[in-house]
Amino acid sequence: MRDERACPPRVRIAVIGSSRVGKSALIVRYLTRRYIGEYHSNTDLLYRQTVPINGTPVELEVIDVSGSNLDTFPTEQIQWADACLLVYSVTDRSSFEYATDILNTLKKTPVNGSPAHGAAATTCMPLALLGNKTDLDHLRQVPTKEGQAMSTLHGASFSEASVADNSGDLYRCVDRLLTEVRMPQRTRKFSVTKMLGSLIGGTTNNNQATRGSMVACPRVPAPSRPPLAAAAP
Ligand SMILES: Nc1nc2c(ncn2[C@@H]2O[C@H](COP(=O)(O)OP(=O)(O)OP(=O)(O)O)[C@@H](O)[C@H]2O)c(=O)[nH]1
């Protein structure tokens, strides 16, 4: 059992976005300062590392929600998390629309079917919207103003960055999101153990140059729901 007195506070972030927007590259960049050009995975990945937040060591867990299954709303991952980072590529309008759909659905639909929990899970949850790949400005499909407007509408912070170029905005975005999480963390109504089970502390992929650890999570058996577009009234 986790000894809360001995362990640093824990913060959990879900990184969500459609395929190829740079979620894995972003997480690895944030945690290791390195850029991994090709990292394709069709399963969720969990990263764990101790990082300083405002000078205090915090155990950071980041789930990289695979973008390969966009028809399934990442309910359990969102319930698991203390905060969500929604990533799109400024060169891919459909990825912006997916991030927008997630924000809209979070606003309209309780993530576990209960209005009370939905309110708690969404209105109290810090959100950040990040447009990646600004180094490809010549291929841009999503104007900065559109991202800004969308984030304002949903009370999310907004940034644009290039993970490839190692832009400081990426670190500022994640750091801000982490500082927005209230600590000690809120009481969970959802069993994280059920989701990640014995995987945490289990198989570690040593190919990742992290000082922490990374494990693959099986696809979370979230309740099936219609595609996002069909869910909007
Ligand atoms: N030009 C450019 N390419 C990037 C940037 N960030 C990531 N990429 C590239 O985009 C591709 C996809 O990156 P990933 O990190 O695998 O994207 P992902 O969102 O995790 O993709 P899925 O695993 O399919 O969900 C890779 O070829 C990366 O090298 C960036 O800032 N600029």
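Residues numbered from 1 in each chain as written. Predicted model: local features only at pLDDT ≥ 70, side-chain atom pairs only at ≥ 80, totals over all residues.

Let me state the cut-off plainly: UniProt positions are given in the numbering used here, feature names are shortened, and annotations may be inferred rather than shown by experiment.
The name given to the protein chain in an unreviewed UniProt entry is small monomeric GTPase, with the source organism recorded as Danaus plexippus plexippus. Checking UniProt for the protein chain, the heading Catalytic activity (unreviewed entry) contains the comment "GTP + H2O = GDP + phosphate + H(+)". UniProt, in the comment section headed Sequence similarities (unreviewed entry), describes the protein chain in these words: "Belongs to the small GTPase superfamily. Ras family."

## Quick word on the overall build of the protein chain
Operational definition: The helix and strand labels rest on DSSP assignments: H or I over at least four residues marks a helix, E over at least two residues marks a strand, and numbering proceeds from the N terminus. Burial in this document is a count-based property: other C-beta atoms within 10 Å of a residue's C-beta are tallied, and the residue is buried at 20 or more, exposed at 12 or fewer, or partly exposed in between, with C-beta positions derived from the backbone. Two residues qualify as a contact pair if the distance between their C-beta atoms, derived from the backbone, is within 7 Å.
On a plain count of helices and strands, the protein chain comes out with eight helices and seven strands. Within the protein chain, the proportion of its 233 residues that are buried is 40%. For the protein chain, the share of sequence-separated contacts (at least 6 apart) that also reach a separation of at least 24 residues comes to 72%.

## Description of the site of the ligand
Spelled out, the test is: Only the C-beta atom matters for this test: placed from the backbone, it must lie within 6 Å of a molecule or strand for the residue to be near it. In this classification, Asp, Glu, Lys and Arg are treated as charged, Ala, Val, Leu, Ile, Met, Phe, Trp, Tyr, Cys and Pro as nonpolar, and every other residue, Gly included, as polar.
Residues in contact with the ligand amount to 23 residues; listed here are only the nearest, S19, G22, A25, G67 and A164. Of the residues forming the shell around the ligand, the biggest block, three residues, is contributed by helix α1 (residues 23-32). Of the residues that constitute the shell around the ligand, the class distribution is six nonpolar, twelve polar and five charged.

## As for the environment of V28
For V28, the position within the fold is in helix α1. Spatially, the C-alpha atoms of V28 and F96 are 22 Å apart, while their sequence positions differ by 68 residues.

## A word on the packing of α1 against helix α6 (residues 168-180)
Let me state the cut-off plainly: Axes here mean lines fitted to C-alpha atoms, for a helix over just the part in contact, with angles spanning 0 to 180 degrees between N-to-C directions. To sort the angles, those under 35 degrees are grouped as roughly parallel, those over 145 as roughly antiparallel, those from 65 to 115 as roughly perpendicular, and the leftovers as oblique.
Running from N to C, α1 and α6 point in directions that differ by 85 degrees, and their axes come no closer than 10 Å. Judged on the interaxial angle alone, α6 and α1 are roughly perpendicular. Seen from α1, the contacting residues are L26, R29 and Y30; seen from α6, they are L170, Y171 and V174. In terms of residue class, the contact of α1 with α6 is built from five nonpolar, no polar and one charged.

## Observations regarding unusual backbone geometry
Even without a glycine there, the phi angle at R20 is positive, about 70 degrees. If you trace the backbone, R20 turns up in the loop between β1 (10-16) and α1. The backbone of R33 shows a phi angle near 70 degrees, a positive value even though the residue is not glycine. With respect to the helices and strands, R33 occurs in the loop between α1 and β2 (44-53).

## Some words on α1
Summarising burial for α1: nine of the ten residues are buried, a large majority. Buried-residue contacts for α1 involve β1, β2, β3 (56-64), β4 (83-89), β5 (127-132) and α6. One or two steps after α1, the chain reaches R33, where phi turns positive at roughly 70 degrees.

## Some thoughts on the pairing of β2
Side chains on a regular strand alternate between the two faces of the sheet. For clarity, the cut-off: When DSSP finds two or more bridges between a pair of strands, those strands are recorded as paired.
Of the pairings in the sheet, the one linking β2 to β3 comprises nine bridges and is antiparallel in character. The residue of β3 that forms the bridge with L46 is I63. With antiparallel pairing between neighbouring strands as the criterion, β2 and β3 make up a hairpin whose turn holds two residues, including N54 at a positive phi of roughly 50 degrees.

## Re the confidence of the model for the protein chain
Under the convention used in this document: Per-residue confidence from the predictor is reported as pLDDT, a score between 0 and 100.
Model confidence for the protein chain is summarised by a mean pLDDT of 77, while 68% of its residues fall at 70 or above. pLDDT under 50 marks residues 219-233. Its contacts with residues more than four places away, or in other chains, come to 25 contacts. Both scores are given for the predicted complex: the pTM is 0.80, the ipTM 0.99.

## A word on helix α5 (residues 144-154)
The condition is simple: Here the arc refers to the set of directions running from the helix axis out to each C-beta atom.
What α5 keeps buried is the set G147, M150 and S151. One side of α5 holds all its buried residues, which, seen down the axis, span an arc of 95 degrees. Residues of α5 that are exposed and angled more than 90 degrees away from the buried face: K145, A149, T152 and L153. Phi turns positive, to about 65 degrees, at G155, one or two residues after α5.

## A few points about the nonpolar core
What counts is decided by this rule: Buried Ala, Val, Leu, Ile, Met, Phe, Trp, Tyr and Cys residues whose C-beta atoms connect them within 7 Å together make up a nonpolar core.
Core analysis: the biggest nonpolar cluster contains 52 residues, and I13, A14, V15, C84, L85, L86 and A128 have the highest contact counts within it. Non-local contacts of I13, meaning those with residues more than four positions away in its chain, are made with V62, A81, D82, A83, L85 and L177.

## Details of the environment of G37
Here G37 lies in the loop between α1 and β2. When the C-alpha positions of G37 and A25 are compared, they lie 7.0 Å apart, and in sequence the two are twelve residues distant.

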